[in-house]
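# Structure at a glance
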Amino acid sequence: MVDLSRVEIVLLDMDGTLTDSVSRITEYFAALDLELHGRMLSPDAYKKYVGPPLADSMRDMEPDADEQRVAFMVARYREMYWPNAIDVPLYPGIREMLEKLRARGYRLGLATTKSQEMSLQILQHLGIADFFEVVSGVIPGTSRVDKPAVIAWALQQFGVEEPQDKRRVVMVGDRFYDIEGAQINGISAILTTWGDTTQPGEERGAVQVVSTPAELLSALGVHPGKN
């Protein structure tokens, strides 16, 4: 088992990990599916699109789409979703978890496939931006378009390059994409399940699975009741 006592830097995912945005995201994927394909599946059918890069989700929704069509679908989704994207709540216990981690000296970063611009706006709207030393989201038109890339950029900002330094970092997220992105970058990952977005088998590769923010604190050796 990986020794999490060495961890000094915690990278956190946003949707399904920090923010309870799942119902909002699935609502707009369903609306897009209805508009483009004349169908609307159950909300659970769209949960698999919480986490992956938008372009990957669009290719899954419409397998025959070429790159121009995928770009159109991504743009249309953003047009529908973004006006309401900022108004999402934190999961219960998240603010307290962030406070405890910072009080214990952990350095925090956000690593998300949500856009950089929108991520910053949401953090500021929720009043938690000051907890994060680094915010790494997707920037369209650059190489930062998927989970491995946003994690890699976050590590660079923290000055983490050597393998021995990567032992001090853990990625925390609710989907396999978080686990895979961490593995590609040579860091450990913890899978969270409180967002009800995790698909069967996605725990493979995670060093630990936690079902509440308090369990995450315990996994990192932080007693939830103490600073």
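For the structure, see preceding data.
Owing to the predicted nature of the structure, the values given are computational and were not obtained by experimental measurement. (Residues numbered from 1 in each chain as written. Predicted model: local features only at pLDDT ≥ 70, side-chain atom pairs only at ≥ 80, totals over all residues. Heavy atoms only, no water.)

## Focus: the overall build of the protein chain
Definition in use: Strands here are runs of E lasting at least two residues and helices are runs of H or I lasting at least four, both read from the DSSP assignment and numbered beginning at the N terminus. Based on C-alpha atoms, the radius of gyration is set beside the globule rule, defined as 2.2 Å times the residue count to the power 0.38. Throughout, a contact is declared for two residues whenever any of their heavy atoms are within 4.5 Å. Asp and Glu count as negative and Lys and Arg as positive, but His and the ends of the chain are not part of the count. A single reference atom marks each charge: NZ on Lys, CZ on Arg, CG on Asp, CD on Glu.
Summing up its helical and strand segments, the protein chain has nine helices and six strands in all. The C-alpha atoms of the protein chain give a radius of gyration of 17 Å, which matches the 17 Å a tight globule of 227 residues would have. In terms of principal-axis extent, the alpha carbons of the protein chain reach across some 50 × 35 × 35 Å. Across the protein chain, every contact between residues at least 6 apart in sequence was considered, and the portion connecting residues at least 24 apart equals 63%. Of the charged side chains in the protein chain, 23 are positive and 33 negative; the average position of the first set lies 5 Å away from that of the second.

## Some remarks on the packing of aromatic side chains
How we decide: Only the six-membered ring of Trp is used, alongside the rings of Phe and Tyr, when aromatic pairs are assigned; centres must lie within 6.5 Å, and planes under 30 degrees apart are stacked while those over 60 apart are edge-to-face, with the rest tilted. For each residue, the accessible area found with a 1.4 Å probe, counting protein chains only, is set against the maximum for its type, and the residue is called buried under 20%, exposed over 50%, and partly exposed in between. Here, a charge over a ring means that NZ of Lys or CZ of Arg falls within 6 Å of the ring centre while also lying within 35 degrees of the ring normal.
The full count for this structure, using the stated rule, is six aromatic pairs. Aromatic pair F29 and Y49: ring centres 4.9 Å apart, planes at 40°, arrangement tilted. With F29 in helix α1 (residues 22-37) and Y49 in the loop between α1 and α2 (54-61), the pair connects residues that are 20 residues apart, well separated along the chain. Each of the two residues, F29 as well as Y49, counts as buried. Clustering of aromatic rings is evident, with ring pairs tying together Y28, F29, Y46, Y49, Y77 and Y81. The residue whose ring lies beneath R144 is W153, and the NZ or CZ to ring-centre distance is 3.9 Å.

## Quick look at the pattern of salt bridges
Pairing is possible between side chains that carry opposite charge, provided their charged atoms lie close to one another. We count it as follows: By salt bridge we mean one thing: a side-chain nitrogen of Lys or Arg within 4 Å of a carboxyl oxygen of Asp or Glu.
Throughout the structure, instances matching the rule amount to 15 salt bridges. In this structure, R76 engages E35 in a salt bridge whose closest nitrogen and oxygen atoms are separated by 2.8 Å. Here the residue R76 occupies a position in helix α3 (residues 67-85), and E35 occupies one in helix α1, the gap between them amounting to 41 residues. Across the salt bridge formed by E79 and R76, the nearest N and O atoms sit 3.1 Å from each other. Of this pair, E79 and R76 both sit in helix α3, three residues apart, which is roughly one turn of that helix. With relative accessibility at 54%, the residue E79 sits in the exposed group. For R76, a relative accessible area of 22% gives the class partly exposed.

## Re the sheet that holds strand β2 (residues 107-115)
Using the following cut-off: The pairing criterion is simple: DSSP has to find at least two bridges between the two strands. Only the stretch in contact is used when a helix axis is fitted, and all axes are lines through C-alpha atoms; the angle between N-to-C directions ranges over 0 to 180 degrees.
Strand order in the open sheet formed by six strands is β3-β2-β1-β4-β5-β6, with parallel pairing between adjacent strands. Of all strands in the sheet, those bounded by a partner on one side alone are β3 (134-138) and β6 (208-210). Strand after strand, the sheet turns through a mean of 20° between neighbouring axes, direction not considered. Examined bridge by bridge, strand β4 (residues 169-173) and strand β5 (residues 188-192) share four bridges and lie parallel to one another. Paired with M171 across the strands is A189, a residue of β5. Along the sheet, helix α5 (residues 116-126) makes contact with β2 and β3, crossing β2 at roughly 125°. Contacting β4 and β5, helix α8 (residues 176-184) crosses the sheet at an angle of about 175° to β5.

## Observations regarding the packing of α2 against α3
Filter applied, for reference: Orientation categories follow fixed angle ranges, with anything under 35 degrees roughly parallel, anything over 145 roughly antiparallel, 65 to 115 roughly perpendicular, and all other angles oblique. For a crossing to be left-handed, the near helix must be turned anticlockwise from the far one by less than a right angle; the clockwise case is right-handed. Amino acids are sorted into nonpolar (Ala, Val, Leu, Ile, Met, Phe, Trp, Tyr, Cys and Pro), charged (Asp, Glu, Lys and Arg) and polar (every other residue, Gly among them).
Interhelical geometry of α2 versus α3 gives an angle of 110° and a closest axis separation of 9 Å. In terms of axis orientation, α2 runs roughly perpendicular to α3. For the crossing formed where α2 meets α3, the hand is right-handed. Across the interface between the two elements, L54, A55, M58, R59 and M61 of α2 pack against E67, V70, M73, V74, Y77 and R78 of α3. Taken together, the residues that form the contact of α2 with α3 break down as eight nonpolar, no polar and three charged.

## A short note on helix α6 (residues 147-157)
Taken as a whole, α6 has its buried residues at K147, P148, A149, V150, I151, A154 and L155. Taken together, the buried residues of α6 touch β1 (9-12), β2, β3, α7 (163-166), β4 and α8. Within two residues after α6, G159 carries a phi angle of roughly 75°, on the positive side.

## With respect to the nonpolar core
Rules: Among buried residues, those of type Ala, Val, Leu, Ile, Met, Phe, Trp, Tyr and Cys that are joined through side-chain atoms within 4.5 Å constitute a nonpolar core. Each domain's limits were defined by an automated method or a database of domain assignments.
With 54 residues, the main nonpolar core has F132 and L220 as its most contacted residues. No other element matches the seven residues that α3 contributes to this core. Counting only domains with at least three residues in this core, you end up with domain 1 (9-20 + 88-220) and domain 2 (22-84). Within the second largest apolar cluster, 18 residues are counted, among which are I9, V134, L155 and V160.

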